[in-house]
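Read off the chains here:
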Amino acid sequence: MREKFRRFMAGRYGTDALNQFLSILAVVLLLISLISRWGIFTWLGLAALIWCYVRTFSRNIPRRTEENYKFCTMQQRLAGRFKGLKRRWDDRRDYRYFRCPQCRQLLRVPKGRGRIEISCPRCGTQFIRKS
């Protein structure tokens, strides 16, 4: 039986990070549908589960790889934002954050220095803010 399944899966995509996310999403949505009794969560959970299986058994490997790459880059971008927010929260006692009015670069300056002139390392714009 194991050999038959191995032959069946030969040339097919299999699982990746996006499939794992879709599986977990499907389970969570189906649990929410059990608790809330709303049919929309059932349909969304089933759609996520079906899409997960379609991706798993697909023979279009380049397209599935592209989808997984886009998912992973989006996931890393989102994780980077949360990491930046956590860093700002941890530094809130010692530093203030400002955006450059020209290029919107986020700049960190020490607190308690009074009015200081800040120069942006990216575009060279200088502006005055109270730290």
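Here is what the cut-offs are and how they apply
Residues numbered from 1 in each chain as written. Predicted model: local features only at pLDDT ≥ 70, side-chain atom pairs only at ≥ 80, totals over all residues. Heavy atoms only, no water. Salt bridge = Lys/Arg side-chain N within 4 Å of Asp/Glu carboxyl O. Helix = DSSP H or I, 4+ residues; strand = E, 2+ residues; numbered from the N terminus. Buried < 20%, exposed > 50% of the residue type's maximum accessible area, 1.4 Å probe, protein only. Contact = heavy atoms within 4.5 Å. Core = buried A, V, L, I, M, F, W, Y, C linked by side-chain atoms within 4.5 Å. Axes fitted to C-alpha atoms, helices over the stretch in contact; angles between N-to-C directions. Parallel < 35°, antiparallel > 145°, perpendicular 65-115°, else oblique. Left-handed = near helix turned anticlockwise from the far one by under 90°. Nonpolar A, V, L, I, M, F, W, Y, C, P; charged D, E, K, R; others polar.

Draft legend 1. Geometry of the pattern of salt bridges. What the rule picks out here adds up to seven salt bridges. Of the charged contacts in the structure, one is a salt bridge between Arg6 and Glu3, with a shortest N-O distance of 3.2 Å. Highlighted residues: Arg6 and Glu3, both in helix 1 (residues 2-9), separated by three residues, approximately one helical turn. The partner of Arg64 in a salt bridge is Glu67, and the shortest N-O contact between them spans 3.0 Å. With Arg64 and Glu67 both in helix 4 (residues 61-90) and three residues apart, the pair spans about one turn of that helix. Glu67 carries the same exposure label as Arg64, and that label is buried. Among the ionic contacts, a cluster of salt bridges with common partners joins Asp16, Arg55, Arg64 and Glu67.

Draft legend 2. Fine view of the environment of Arg59. Within the element layout of this structure, Arg59 appears in the loop between helix 3 (39-56) and helix 4. Taking the C-alpha atoms as reference points, Arg59 and Leu25, separated by 34 residues in sequence, lie 23 Å from one another. If near-sequence neighbours (up to four positions away) are discounted, Arg59 is found in contact with Ala10, Gly11 and Arg12.

Draft legend 3. Quick peek at the side chain of Asn68. Among the secondary structure elements, Asn68 is positioned in helix 4. Apart from residues lying up to four places away in sequence, Asn68 is in contact with Tyr13, Asp16, Ala17, Leu18 and Arg55.

Draft legend 4. Structural detail: unusual backbone geometry. Backbone geometry at Arg37 places phi at a positive 65 degrees, although glycine is not the residue there. By secondary structure assignment, the location of Arg37 is in the loop between helix 2 (17-36) and helix 3. Despite not being glycine, Arg104 has its phi angle at roughly 70 degrees, a positive value.

Draft legend 5. A look at the nonpolar core. In terms of nonpolar packing, the biggest core is built from seven residues, these being Phe98, Cys100, Leu107, Val109, Ile118, Cys120 and Phe127. Each residue touching Ile118, except ones within four places of it in the same chain, is listed here: Phe98, Leu107, Val109, Thr125, Gln126, Phe127 and Arg129.

Draft legend 6. The packing of helix 2 against helix 3, seen in detail. One way to put it is that helix 2 packs onto helix 3 with a least axis distance of 8 Å and a crossing angle of 160 degrees. Between helix 2 and helix 3, the angle is such that the two are roughly antiparallel. Where helix 2 crosses over helix 3, the handedness of that crossing is left-handed. Where helix 2 abuts helix 3, its residues Leu18, Asn19, Leu22, Ser23, Leu25, Ala26, Leu29, Leu30, Ile32, Ser33 and Ser36 lie against Phe41, Thr42, Leu44, Gly45, Leu46, Ala48, Leu49, Trp51, Cys52, Arg55 and Thr56. Across the contact of helix 2 with helix 3, the residue classes break down as 14 nonpolar, seven polar and one charged.

Remember, this is a structural readout, not a statement about activity or role.
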